[in-house]
Amino acid sequence: MTQPTNVDDLRFLLSVAETGSTLSASRVLKVSQSTVSRRIAALEADLGVQLFDKRRTGYVLTAAGTALIAPADAVRQAVDAFSSAVSSLSRETSEAVRFTTNEVLAALVLPELTRRLRQSHPGIRLEVDTSNLLRDLAKGEADVALRAAPAPTDPGLVGVKLVEDHWSLYCSRDYGSRNGVPKNVEELTGHALIGIDTHAKGRPIFDWARQHFPLERLLLRQNTVPAVFASVRNGLGIGFYSEFIAAGDPELVLCFRPPVPPAAEIWLVTHERLRHVPRVRAVMDLLKALVRERLARRV
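Description of the structure in this document. Residue numbers run consecutively from 1 along every chain, following the written order of its sequence. For a predicted model such as this one, the threshold for reporting local features is a pLDDT of at least 70, and the threshold for listing and counting side-chain atom pairs is 80 or more; totals across whole chains, interfaces and linings nevertheless cover every residue. By convention in this description, side-chain values take in all heavy atoms of the structure and omit both hydrogens and water.

Looking now at the packing of aromatic side chains. Note on aromatic pairs: the rings of Phe, Tyr and Trp (six-membered ring only in Trp) are paired at centre separations within 6.5 Å, and the planes decide the class, stacked below 30 degrees, edge-to-face beyond 60, tilted for the rest. By the definition in use, this model includes nine aromatic pairs. With 6.4 Å between their ring centres and 70° between their planes, Trp208 and Phe256 make a pair best called edge-to-face. With a gap of 48 residues between them, Trp208 in helix H7 (residues 204-212) and Phe256 in strand S11 (residues 252-256) connect regions that are remote in the sequence. Type-normalised accessible area, obtained with a 1.4 Å probe on protein chains alone, sets the label of each residue: buried when under 20%, exposed when over 50%, and partly exposed for intermediate values. Overall, Trp208 belongs to the buried group, its relative accessible area being 7%. An aromatic cluster of three or more residues is present, and its members are Trp167, Tyr170, Phe206, Phe229 and Tyr241. Counting from the N terminus, the helices are the DSSP runs of H or I reaching at least four residues and the strands are the DSSP runs of E reaching at least two.

Quick look at the structure:
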């Protein structure tokens, strides 16, 4: 058995092993099926072993192929990490920081973060990825992430929990002045309720909503968090709102907090290889300061 002459062939090995066919692997790798077949054949020739049994139902790993999957995956991860490190170094000159967060948090922090960066670190440029998907920091998809999510568990990620975020019932100041502000579940009777599509099961806040926001009492039901927040703030009725997001907003009035655990945790995350890079550190320090200031305004 000889060593492979082309490390990139390992991506083809792993993709066929993961998908079970050269056709599916070609779609993942965005190449032709014949290219995948040719690269697998070349790898088998280089190694001097058969990696797959070619069956009518697809490609099945041989014993030799199975033994090589874990080492091949380790090589793939090492190459990805190397490529990410090179990309990171290339960005040092331009001082770009790739920042990812969801739509609600982006609207909350980006204006002030941008203003403060311009004042204190004019050489740093933000490249913002607004998405509800958790980007893979290990693969270099972003440098810094502000996440409404559980603690990061991926190897190599480091972060700090900024806040445990309770979702409470809120109304707008205008709605409260016209209809009163309920202070408990019983006082919700007769009020316009704004629901959220609670397709996620097993979360206490949604379980509480299903129990106390029956469909027949809803004014409307939204299918996204930003839409619910906008409906509440625009005075349509009473609904859930993040206490962290609502902090210090004069247009919002807290009705009451349901007796459930926090709905989310907000984490500031980066990769360990970037944690001491000055441009990354600067962005993270400013974000932590912004969050601390907002928490101080909570009632």
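From this point on, the discussion continues.
Quick look at the packing of helix H5 (residues 103-120) against helix H10 (residues 278-296) now. Between H5 and H10, whose axes approach to 10 Å, the crossing angle comes to 130°. What the angle tells us is that H5 and H10 run oblique. As for how H5 packs across H10, the hand of that crossing is right-handed. Contacts between H5 and H10 involve Leu108, Val109, Glu112, Leu113, Arg116, Leu117 and Ser120 on the former and, on the latter, Val283, Leu286, Leu287, Leu290, Glu293 and Arg294. Only Asp, Glu, Lys and Arg are considered charged in this grouping, and only Ala, Val, Leu, Ile, Met, Phe, Trp, Tyr, Cys and Pro are considered nonpolar; every other residue, Gly among them, is considered polar. Residues belonging to the contact of H5 with H10 are distributed by class as follows: eight nonpolar, one polar and four charged. Between N-to-C directions, angles cover 0 to 180 degrees, with each direction set by a line fitted to C-alpha atoms, over the stretch in contact for helices. Oblique is the label for any angle not covered by the other classes, which are roughly parallel (under 35 degrees), roughly antiparallel (over 145) and roughly perpendicular (65 to 115). Left-handed describes a crossing in which the near helix is turned anticlockwise from the far one by less than a right angle; the clockwise case is right-handed. When checking whether two residues touch, look at their non-hydrogen atoms; a contact exists if any pair is within 4.5 Å.

It is worth spelling out the environment of Arg39 at this point. Positionally, Arg39 belongs in helix H3 (residues 33-47). Exposure remark for Arg39: the relative accessible area of 19% places this residue in the buried category. For the pair Arg39 and Leu10, spaced 29 residues apart in sequence, the C-alpha separation works out to 9.2 Å. If near-sequence neighbours (up to four positions away) are discounted, Arg39 is found in contact with Asn6, Asp8, Asp9 and Phe12. We define a polar contact as two N or O atoms separated by no more than 3.5 Å, with the added condition that, inside protein, one atom must be a possible hydrogen donor and the other a possible acceptor, whereas residues neighbouring each other in sequence contribute only through side-chain atom pairs. At a separation of 3.2 Å, a polar atom in the side chain of Arg39 contacts the side chain of Asp8.

Residues other than glycine predominantly adopt negative phi, and peptide bonds predominantly adopt the trans conformation. The backbone phi angle of Lys30 is positive, close to 60°, even though this residue is not glycine. With respect to the helices, strands and loops of the structure, Lys30 is situated in the loop between helix H2 (22-29) and H3. Residue classification places Lys30 among the exposed positions, given a relative accessible area of 75%.

All right, on to a nonpolar patch on the surface then. A patch is a set of surface residues, each over 30% in relative accessible area and not in a salt bridge, joined within 9 Å for like charges and within 5 Å for the nonpolar side chains Val, Leu, Ile, Met, Phe, Trp and Tyr. The method behind every accessible area is Shrake-Rupley, applied with a 1.4 Å probe, and residues are considered shielded solely by the protein chains displayed. Any carboxyl oxygen of Asp or Glu within 4 Å of a side-chain nitrogen of Lys or Arg constitutes a salt bridge here. Together, Val7, Val75 and Val79 make up an exposed nonpolar region whose accessible area comes to about 190 Å². Residue placement: Val75 occurs in helix H4 (residues 63-92).

A sheet is described by the order of its strands in space; here three strands give the open sequence S10-S7-S11, paired in antiparallel fashion. Two strands in the sheet have a free side with no partner beyond their single neighbour: strand S10 (239-242) and S11. Averaged over all neighbouring strand pairs, the angle between strand axes comes to 60°, with direction disregarded. The criterion for strand pairing is that DSSP finds at least two bridges linking the strands in question. For strand S7 (residues 167-172) and S11, the ladder comprises four bridges, and the chain directions are antiparallel. From the neighbouring strand, Leu169 faces S11, where its bridge partner is Phe256. Its contacts with the sheet put helix H8 (residues 225-233) on S7, S10 and S11, and the angle it makes with S10 is roughly 105°.

On to the pattern of salt bridges. Applying the stated rule across the entire model yields 21 salt bridges. Between Arg178 and Asp174 there is a salt bridge, and its shortest N-O distance comes to 2.9 Å. Note that Arg178 and Asp174 are positioned in helix H6 (residues 173-179) at a spacing of four residues, about one turn of the helix. In this structure Asp174 comes out as partly exposed when scored by relative accessible area, which is 44%. In this structure, Arg210 and Asp207 form a salt bridge, with 2.4 Å as the shortest nitrogen-oxygen distance. Of this pair, Arg210 and Asp207 are both found in helix H7, three residues apart, which corresponds to roughly one turn of the helix. Here the salt bridges share partners, and the residues they tie into one network are Asp8, Asp9, Arg11 and Arg39.

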